[in-house]
Amino acid sequence: MTSRMIVIGAGLSGLMSALALAEAGLRPLLLAKGYGTTYWTGGTIDLLASRRYPNMPLHTALTHLIVAQPEHPYARMELDGIAAAVDRFRTLTKAAGYPYVGGLERNVVLPTALGALRPTALLPATMAAGDVRLGGEILIAGFHELRDFFPPMAAANLQAQHIPARGVYLTLPDGYQRHDYSPRSFALWFEQPNFRQAIGQQLRTLRGTATRIGLPAVLGLRDPLGVVNDLQQISGAQIFEIPTLPPSVPGMRLMNIFHQAITVAGGRIQIGSEVRRGLGAEGVLTHIFSEAAAREQRHHVAACVLATGGIAGGGISTDFRGTVHETALNLPLHAPESRQAWFASRFLHTEGHPIFSAGVPTDDQFRPLDSTGHVVYANVMVAGSALLAGDPVEDRAVSGLALTTGWHVGTLLATSLPAQLAT
Amino acid sequence: MTRTQQLLQTDVLIIGGGATGLGAARDLAMRGIATILVEKGDLTHGTTGRYHGLLHSGGRYVIKDPQSATECAHENRILRKIMPQYIEATGGFFVTTPWDDPDFGDKFMQACHATDVPVQEISVDEALRREPALNPKISRVFEVEDGAADSFMSAYGIARSAREHGAQILNYHFVKGLIREGERVVAAEVEDLRTGEIKRIGATWILNAAGAWAGKIAALAGLRVDVVPGKGTMIAMNHRMVNTVINRCKMPDDGDIIVPIHTVAVIGTTDIAVPDPDVYGIEPDEVTFLMEEGEKLIPGFTRYRALRAWAGVRPLYKQEGVTDDRDLSRAYVLIDHAKRDGIDGLLSIVGGKWTTYRLMAEEIVNVVAARLGNTTPCRTAEEVIPGGEAQQLYWLGHNLAHVEQHQAFGELICECELVTREQVLDAIAQSGAANLDDIRRETRLGMGPCQGGFCTYRAAALWSEWRTARDHDVHVPYNGHGNGQHQPDASEPNDPGTELLRHFLQARWKGLTAIMWGDQLRQARLDQLIYLDTLGIDLLPDAAGEDPELVTHHPAIATEYHV
Ligand SMILES: Cc1cc2nc3c(=O)[nH]c(=O)nc-3n(C[C@H](O)[C@H](O)[C@H](O)COP(=O)(O)OP(=O)(O)OC[C@H]3O[C@@H](n4cnc5c(N)ncnc54)[C@H](O)[C@@H]3O)c2cc1C
Ligand SMILES: Cc1cc2nc3c(=O)[nH]c(=O)nc-3n(C[C@H](O)[C@H](O)[C@H](O)COP(=O)(O)OP(=O)(O)OC[C@H]3O[C@@H](n4cnc5c(N)ncnc54)[C@H](O)[C@@H]3O)c2cc1C
């Protein structure tokens, strides 16, 4: 059996790695238990908006971090590495008709479904008109039937921050009443011209003096930009999407784009396979064992990207005795000693909760290290939330870290491996 | 903040909105006696809202406290008749595990017979057939009439009925002082925590039903009631591994009982003396201990997902002459301060169990009624609490059946506990829920495996839409239609629902850290990412402390929100 390039994990980091390996002609196999957190996220890519680097442009904040934290994954990629990943992501999404805007220069501030003002680096063009710098009155509109979006609450909070806003509910057109509703069902309806026409008309009537209208991020699966343009024409206002609670339609769009791109480039994605253990010799990983439908499968490994996420993604598990465990290859982790030390007492504590900083320590090539600082497997690289990187939530850098390290590690593996692997 | 004093006068003032106080309020009102009840938090804020959920058969007390056992057995039968809608007839087993004295079973049987607690020994095979998850190494099984009871719902039911009979029940009313005239307690000074208003409530009799806080209340009149607060911790697991209450067949001890209630199974408890009923936490050691004890009754117990942990405080009354806390009686005591201290107008009732609340209420009301010259007999043992007329006991499928009958899937606000939009709005509009915790207690919203990640956001928004509509007299959007439009102006602070949400998230966090590992920790991370990343709640300006309706800020009841 020939050995293969294997990526474990189908989150943003695993997808970027698989794309890099596939485009290098290495025909990677991506194994994952599930789709990862992509289906849950709002779809923006946050690179950095840390309290530790306040009041400076994104580019400058990144430079500061790279100097101040030389072991941070960003420092190991440097600005060029980050920029390369961002570029590839932008060309990918643009080619798929779902372009992202923004970049490394500065963060854009967008209203959330709660009416908070949240910074992000890259955002789908369908969210661009939410940029608070645009000014003017905002109308937030939603549906009672979509249970996770409450325009009056969002508007009241925007208003309290001196942004003129109003929240209204729209009425579902006749024929669309169901016993149950999901974000996906709304997304499919928005792809129907009649539905758009009816909603657009209501928006036009309710708009008043508002110049921009925020809607929940359910404006179509395949051609959201087309939906937005159409609604703008009918309503006479700029339209933007606001991410809401999972499942996330922007996440589904991204997943479709990656699936397509990786498969076309010769990679293969196998969802529903949980990796339980690995087997190595002399510092090299030779096999991994995955389980699907209660059947164990053995894979011969040439090299491997571990992109299994952190506690949210299932790459790190814990138990009541306080054990913290890396689930796929049982790699050594950095984690707090005992359960007593896992949590801060306040949920919104600004430093985050120590347990969520657990991760795999690596060298500057992203290879896993043991407690004595030696590389565990020379042919394994770690990306995304599985990495030891503080708690990226507190730095508002989770998806950015996944995106950039995923791409970086994929290209690193592709260039550092002997050519004969490319079969 | 001082406000004008309001004067109220009544025959009887009850302090404490737990099972005992509420039971007394209903009983008094049914006898036609003018009654006001004050509770510093929401109803069931005290031990009643933090108990184990067991409708005692009496089995646990047959040896340790025979009188309690008999009372429990008796009240068990009565409660099934007067409040079937809050009780699930799970039945109970006492099982002898390899860790228990094999001879205890015989003593147990004898004691059950002596105390009138119905019991029957069944074969291990039969027990395992009915409860396959039980440890197969058990050697004997005794079946009793344990049940599961919802203390939140029943408290609201009792309160509703008491109000219908004319009682006034005031939650978020904190007793700050008792006023004495000579050798008589004549009134209480009460603060309305929602408005800051001070009320003086004069009463011919005051009943101190403040549970573990009874000593603090007595002290306000310069009297001593020695209550030893004993903390007990429980853990709810996200699965009913058993549908029968499972007790270890041994002297009652820590971690020896699992109660299936609603969608969960609850293991408990511990018993640790604490200095103050308002100050206690849950220790990781207690949790580890309970998990390991659970494993003895149900192999694999620790692999299920722990949903939440909470603790209640037992009000153990310290009788004179008793030195060892373990020998303190679990039965209740009625203290007539006229007899004991020569101070008239005040009665204290301490101890007991949820299962015996009605009996305790009857006894204390008998005393009060006699003093007031009222001869109307007690009817609480016969008169059904509204909603229970059909004499149908609660069953687990009840909520789902409701949702199915009304085809209300699209109206579900809390998917885990099947709570609909209508129920949430009802809790707000009809019962006056002041915050998300109140809504939770009334509807079970947020009690399921998702830790309220989704539904509390929804409930907060509904609450704030409702309040905006009320304050601005706009039509309240009810069943998903209508257009509750109101234009807030920029001088308003944050949306009040958002503040509720922030508080609730903190309170929930505190309740969860004790049991967060495995999937529950993963869930917590998901919820954290939702609130920080998707919603950015941490980025909103903090307006906490500005909203008077956020009564949880008040130090009298805010302990659970502070760490
Ligand atoms: C509700 C929500 C909102 C969010 N919003 C934002 C946001 O606004 N901004 C932001 O920056 N970030 C946000 N994030 C975080 C961020 O999107 C992701 O968590 C991040 O991209 C991490 O990606 P990842 O590739 O490292 O891992 P994940 O996306 O966690 O993927 C892990 C993958 O590994 C698989 N896996 C795990 N263990 C195994 C195993 N043993 N065998 C096989 N497969 C395994 C999983 O099935 C999954 O496919 C949000 C997250 C959530 C949950
Ligand atoms: C861990 C544990 C588990 C238990 N499990 C069970 C069980 O499974 N089955 C069972 O039958 N019994 C059980 N019990 C016993 C039962 O819960 C209690 O006996 C019962 O709930 C006591 O009710 P209460 O009304 O007397 O007290 P509480 O419910 O404590 O009510 C007293 C009230 O007084 C209020 N108060 C205090 N100070 C003031 C003030 N200054 N002003 C206004 N109000 C004030 C408090 O807020 C509180 O709500 C358990 C007890 C504990 C501790």
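Reading the values: rules and limits
- Residues numbered from 1 in each chain as written.
- Chains lettered and ligands numbered in written order.
- Predicted model: local features only at pLDDT ≥ 70, side-chain atom pairs only at ≥ 80, totals over all residues.
- Heavy atoms only, no water.
- Salt bridge = Lys/Arg side-chain N within 4 Å of Asp/Glu carboxyl O.
- Helix = DSSP H or I, 4+ residues; strand = E, 2+ residues; numbered from the N terminus.
- Buried < 20%, exposed > 50% of the residue type's maximum accessible area, 1.4 Å probe, protein only.
- Near = heavy atom within 4 Å.
- Polar contact = N/O pair within 3.5 Å; in protein donor to acceptor, adjacent residues only side chain to side chain.
- Areas by Shrake-Rupley, 256 points an atom, 1.4 Å probe, with all protein chains shown as cover.
- pLDDT = per-residue confidence, 0-100.
- Contact = heavy atoms within 4.5 Å.
- Nonpolar A, V, L, I, M, F, W, Y, C, P; charged D, E, K, R; others polar.
- Domains from an automatic or database assignment.
- Buried area = accessible area lost by both parts, 1.4 Å probe.
- Pairing = 2+ DSSP bridges.
- Axes fitted to C-alpha atoms, helices over the stretch in contact; angles between N-to-C directions.
- Parallel < 35°, antiparallel > 145°, perpendicular 65-115°, else oblique.
- Left-handed = near helix turned anticlockwise from the far one by under 90°.

1. A word on the pattern of salt bridges
Pairing is possible between side chains of opposite charge, provided their charged atoms come close.
Here is step 1 of the chain: What the rule picks out here adds up to 55 salt bridges over all chains.
Here is step 2 of the chain: Here Arg396(A) and Asp533(B) are joined by a salt bridge, their closest N and O atoms 3.6 Å apart. With Arg396(A) in the loop between β17 (380-382) and α9 (398-416) and Asp533(B) in helix α15 (residues 518-534), this residue pair bridges two chains.
Here is step 3 of the chain: Look at Arg396(A) and you get buried, because its relative accessible area is 5%.
Here is step 4 of the chain: Of the charged contacts, one joins Asp344(B) and Arg184(B) as a salt bridge, the two residues approaching to 3.2 Å between their closest N and O atoms. Here the residue Asp344(B) occupies a position in the loop between α8 (337-341) and β20 (346-350), and Arg184(B) occupies one in strand β11 (residues 184-192), the gap between them amounting to 160 residues.
Here is step 5 of the chain: A relative accessible area of 26% places Arg184(B) in the partly exposed class.
Here is step 6 of the chain: In the salt-bridge network here, residues are joined through shared partners; they are Asp46(A), Arg51(A), Arg118(A), Glu394(A), Arg396(A), Asp533(B) and Asp538(B).

2. Comments concerning the site of ligand 1
Here is step 1 of the chain: Inspection of the region around ligand 1 gives 39 residues, with Ser13(A), Gly34(A), Thr37(A), Asp46(A) and Ser399(A) positioned closest.
Here is step 2 of the chain: Each of chains A and B places residues near ligand 1.
Here is step 3 of the chain: A distance of 3.1 Å separates a nitrogen atom of ligand 1 from a polar backbone atom of Lys33(A).
Here is step 4 of the chain: Side-chain polar atom of Ser399(A) to an oxygen atom of ligand 1: 2.5 Å apart, as the coordinates give it.
Here is step 5 of the chain: Protein contacts shield 98% of the accessible area of ligand 1, which totals 1,000 Å² for the unbound molecule.
Here is step 6 of the chain: Contributions of two or more residues to the shell around ligand 1 are made by α1 (12-23), β12 (274-281) and α9 of chain A together with α15 of chain B.
Here is step 7 of the chain: Among the elements that line the shell around ligand 1, the one with the most residues is α15(B), at five residues.

3. Examining the confidence of the model for chain A
Here is step 1 of the chain: Residues with a pLDDT of 70 or more make up 98% of chain A, whose mean pLDDT is 94.
Here is step 2 of the chain: Ignoring residues within four places in sequence, the model shows residues 419-423 of chain A, a span with pLDDT below 50, making six contacts including any to other chains.

4. Observations regarding the site of ligand 2
Residues and elements named next belong to chain B.
Here is step 1 of the chain: In the vicinity of ligand 2 there are 34 residues, among which Thr20, Glu39, Thr48, Leu54 and Thr355 approach most closely.
Here is step 2 of the chain: In this structure, Leu54 approaches ligand 2 through a main-chain N or O atom, which is 2.8 Å from a nitrogen atom.
Here is step 3 of the chain: In the model, an oxygen atom of ligand 2 is placed 2.7 Å from a nitrogen or oxygen of the Thr355 side chain.
Here is step 4 of the chain: Elements supplying a minimum of two residues to the shell around ligand 2: α1 (19-30), β10 (173-181), β13 (227-237) and β18 (306-317).
Here is step 5 of the chain: In terms of residue class, the shell around ligand 2 is made up of 13 nonpolar, 17 polar and four charged.
Here is step 6 of the chain: When we break the shell around ligand 2 down by domain, the ones giving at least three residues each are domain 1 (5-47 + 152-226 + 330-372) and domain 2 (52-149 + 228-314).

5. A few points about the interface of chain A and chain B
Here is step 1 of the chain: Taken residue by residue, the interface counts 63 residues in chain A and 68 residues in chain B.
Here is step 2 of the chain: Roughly 6,000 Å² of surface becomes buried between chain A and chain B when both sides are summed, with 60% attributable to carbon and sulfur atoms.
Here is step 3 of the chain: Sorting the residues of chain A by area buried against chain B places Arg147(A), Phe320(A) and Phe347(A) first, and these three jointly supply 14% of that buried surface.
Here is step 4 of the chain: Counting across the chain A and chain B interface gives eight salt bridges.
Here is step 5 of the chain: With its nearest N and O atoms 2.4 Å apart, the salt bridge here joins Asp538(B) to Arg396(A).
Here is step 6 of the chain: Put simply, chain A and chain B have 21 residue pairs in polar contact (both at pLDDT 80 or more) between them.
Here is step 7 of the chain: Of all the secondary-structure elements, those providing two or more residues to the side of chain A that touches chain B are β5 (117-120), α4 (151-160) and β8 (165-170) of chain A.
Here is step 8 of the chain: Tallying contributions element by element places α4(A) first for the side of chain A that touches chain B, with six residues.
Here is step 9 of the chain: Partitioned by chemical class, the residues of the side of chain A that touches chain B number 31 nonpolar, 16 polar and 16 charged.

6. Here's the deal with the sheet that holds strand β10 (residues 238-242) of chain A
Residues and elements named next belong to chain A.
Here is step 1 of the chain: Across the sheet, four strands lie side by side as β8-β7-β9-β10; this open sheet has parallel pairing. The open sheet is flanked by β8 and β10, the only strands paired with a single partner. Averaged over all adjacent pairs, the angle separating strand axes in this sheet is 25°, with direction ignored.
Here is step 2 of the chain: Pairing of strand β7 (residues 138-143) with strand β9 (residues 212-216) involves three bridges; the strand directions are parallel. Residue Leu139 lies in a different strand from β9, and its bridge partner there is Ile213.
Here is step 3 of the chain: Against the sheet, helix α7 (residues 224-235) contacts β9 and β10, and its axis sits at roughly 135° relative to β10.

7. A closer look at the confidence of the model for chain B
Residues and elements named next belong to chain B.
Here is step 1 of the chain: In this model, chain B carries an average pLDDT of 88, and 90% of its residues clear a pLDDT of 70 or more.
Here is step 2 of the chain: Predicted confidence is poor over residues 321-327, with pLDDT under 50, and the contacts of this stretch with residues over four places away or in other chains come to five contacts.
Here is step 3 of the chain: Segment residues 559-563: pLDDT under 50, and 17 contacts once partners within four positions in sequence are set aside and those in other chains are kept.
Here is step 4 of the chain: Reported for the predicted complex are a pTM of 0.87 and an ipTM of 0.96.

8. Notes on the packing of helix α2 (residues 58-68) of chain A against helix α3 (residues 73-95) of chain A
Residue and element names in this part refer to chain A.
Here is step 1 of the chain: Remark: α2 packs on α3, axes separated minimally by 9 Å, with the N-to-C direction vectors making an angle of 150°. Compared by their axis directions, α2 and α3 come out roughly antiparallel. Note on packing geometry: the crossing formed by α2 with α3 is left-handed. Only Tyr74, Ala75, Glu78, Leu79 and Ile82 of α3 make contact with α2, whose side of the interface consists of His59, Leu62, Thr63, Leu65 and Ile66.
Here is step 2 of the chain: Classifying every residue of the contact of α2 with α3 gives seven nonpolar, two polar and one charged.

9. A look at unusual backbone geometry
Here is step 1 of the chain: Look at the link from Pro246(A) to Pro247(A): it is a cis peptide, with omega at -5°.
Here is step 2 of the chain: The residue Pro247(A) is located in the loop between β10 and α8 (249-264) in this model.
Here is step 3 of the chain: Residue Thr269(B) is bonded to the preceding Gly268(B) through a cis peptide linkage, with omega at -20°.
Here is step 4 of the chain: Here Thr269(B) shows up in the loop between β16 (264-268) and β17 (272-273).
Here is step 5 of the chain: At Glu282(A), a residue that is not glycine, the phi angle is positive and equals roughly 50°.
Here is step 6 of the chain: With respect to the helices and strands, Glu282(A) occurs in the loop between β12 and β13 (284-292).
Here is step 7 of the chain: Judged by relative accessible area, Glu282(A) falls into the exposed class, the value being 83%.

10. Side note on the domain arrangement of chain B
Residue and element names in this part refer to chain B.
Here is step 1 of the chain: Structurally, chain B comprises domain 1 (5-47 + 152-226 + 330-372), domain 2 (52-149 + 228-314) and domain 3 (398-557).
Here is step 2 of the chain: Taken together, the contact pairs 15 residues of domain 1 with 13 residues of domain 3.
Here is step 3 of the chain: Buried surface at the junction of domain 1 and domain 3, both sides included, amounts to about 1,300 Å², of which 61% is carbon and sulfur.
Here is step 4 of the chain: Together, Phe152, Tyr172 and Arg194 form the three largest contributors to the area buried by domain 1 at its contact with domain 3, with a combined 39%.
Here is step 5 of the chain: Along the contact surface separating domain 1 from domain 3 lie zero salt bridges.
Here is step 6 of the chain: Inspection of the region where domain 1 meets domain 3 yields two residue pairs in polar contact (both at pLDDT 80 or more).
Here is step 7 of the chain: If one sorts the elements of the side of domain 1 that touches domain 3 by residue count, helix α5 (residues 151-164) sits on top with four residues.
Here is step 8 of the chain: Classifying every residue of the side of domain 1 that touches domain 3 gives seven nonpolar, three polar and five charged.

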